[in-house]
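# Descriptive structure summary
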Amino acid sequence: MGAGTSPEPSKDAEPSAAGESAADTPAARPRKGGSRRFPSVTRDTARPEGGGRAAPGDASAPARQWPLLSVLVAVGFGLLMVATEPFGQAFRVGLVIIGAALLAGAALRWTLPSVGMLAVRSRFTDITTYGVLGLAIVLLSLMAQPRPWLNVPFLEDAVHFTVR
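Remember, predicted model here, so these are calculated numbers, not experimental data. (Residues numbered from 1 in each chain as written. Predicted model: local features only at pLDDT ≥ 70, side-chain atom pairs only at ≥ 80, totals over all residues. Heavy atoms only, no water.)

### A few points about the overall build of the chain
For the record, the criterion: Strands here are runs of E lasting at least two residues and helices are runs of H or I lasting at least four, both read from the DSSP assignment and numbered beginning at the N terminus. Whether two residues touch is decided by their heavy atoms; if any such pair falls within 4.5 Å, the residues are in contact.
Assigned secondary structure in the chain consists of five helices and zero strands. Its helices and strands taken in sequence order, the chain reads α-α-α-α-α from the N to the C terminus. Intrachain contacts of the chain at a sequence separation of at least 6 include 52% that bridge at least 24 residues.

### Looking at the side chain of Arg109
For clarity, the cut-off: Exposure is judged per residue with a 1.4 Å probe applied to protein chains only, and the accessible area is read against the type maximum: over 50% gives exposed, under 20% gives buried, and values in between give partly exposed. What qualifies as a polar contact is a pair of N or O atoms within 3.5 Å, subject to a donor-acceptor requirement within protein and to the restriction that residues adjacent in sequence count only when both atoms come from side chains.
Here Arg109 is to be found in helix H3 (residues 90-111). Look at Arg109 and you get buried, because its relative accessible area is 0%. For Arg109, the side chain forms a polar contact with the side chain of Asp126, separated by 2.8 Å.

### Brief notes about the packing of aromatic side chains
Formally: Only rings of Phe, Tyr and Trp enter the pairing, Trp through its six-membered ring, and a pair is recorded when the two centres are within 6.5 Å. The plane angle decides the type: under 30 degrees is stacked, over 60 is edge-to-face, the rest tilted. Look at NZ for Lys and CZ for Arg. If either is within 6 Å of the ring centre and within 35 degrees of the ring normal, a charge sits over the ring.
Under the defined criterion, the tally for this structure stands at zero aromatic pairs. Seen from the ring of Trp149, Arg92 lies directly overhead, with NZ or CZ sitting 5.0 Å from the centre.

### Quick notes on a nonpolar patch on the surface
Heads up, the condition is: The patch calculation keeps residues exceeding 30% relative accessible area without a salt bridge and links them within 9 Å when they carry like charges or within 5 Å when they are nonpolar (Val, Leu, Ile, Met, Phe, Trp, Tyr). Where accessible areas are quoted, they stem from the Shrake-Rupley method and a 1.4 Å probe; at the residue level, only the protein chains shown are allowed to cover. Any carboxyl oxygen of Asp or Glu that lies within 4 Å of a side-chain nitrogen of Lys or Arg is treated as forming a salt bridge with it.
On the surface, Leu103, Leu135, Leu139 and Leu150 cluster together into a nonpolar patch covering about 300 Å² of accessible area. Looking at where Leu150 falls in the secondary structure, it is placed in the loop between helix H4 (123-142) and helix H5 (153-163).

### Topic: the nonpolar core
Heads up, the condition is: By nonpolar core is meant a set of buried Ala, Val, Leu, Ile, Met, Phe, Trp, Tyr and Cys residues that side-chain atoms within 4.5 Å join together.
With twelve residues, the main nonpolar core is built from Leu68, Val71, Val75, Ile98, Ala101, Leu102, Ala106, Leu108, Val115, Leu118, Ala119 and Tyr130. Contributing elements (two or more residues each) for this core: helix H2 (66-84) and H3. Here this core takes five residues from H3, the largest share from any one element. Excluding anything up to four places from it in sequence, Leu102 contacts Tyr130, Leu133, Gly134 and Ile137.

Okay, here's the thing in structure tokens:
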């Protein structure tokens, strides 16, 4: 027998059609005053670390989720700038704003103990994902043709080697 299991079924357990007791089914309720150990059968997903509210519970919903909303507003502004193209290099500036918003999301996830729905996975995975994607978007937007703002010499050689 594994740790935390009892040899006797509970008193209120009724066998189901498949021959298993009601305590083994997914609808079983946890015992009152029971163990603090994790259950042997997972019935729900755990909230990611930092996934609590970013503001007190009596605050409005947007105030509780301000880290996610700030990143989304910045990304929306960048997308609007790319879509409307108000000036010549607006696509590049809009993409830099989008990348910077993702980098800001990584910084918020790193520094704040609770970031609301900005926490999707573990802290390490979120920071890595937001950081790598944000950095890639910024660098690619700076290197976009025509007239790139950032020249990387070895990339020209790599393109010439692969294309020709």
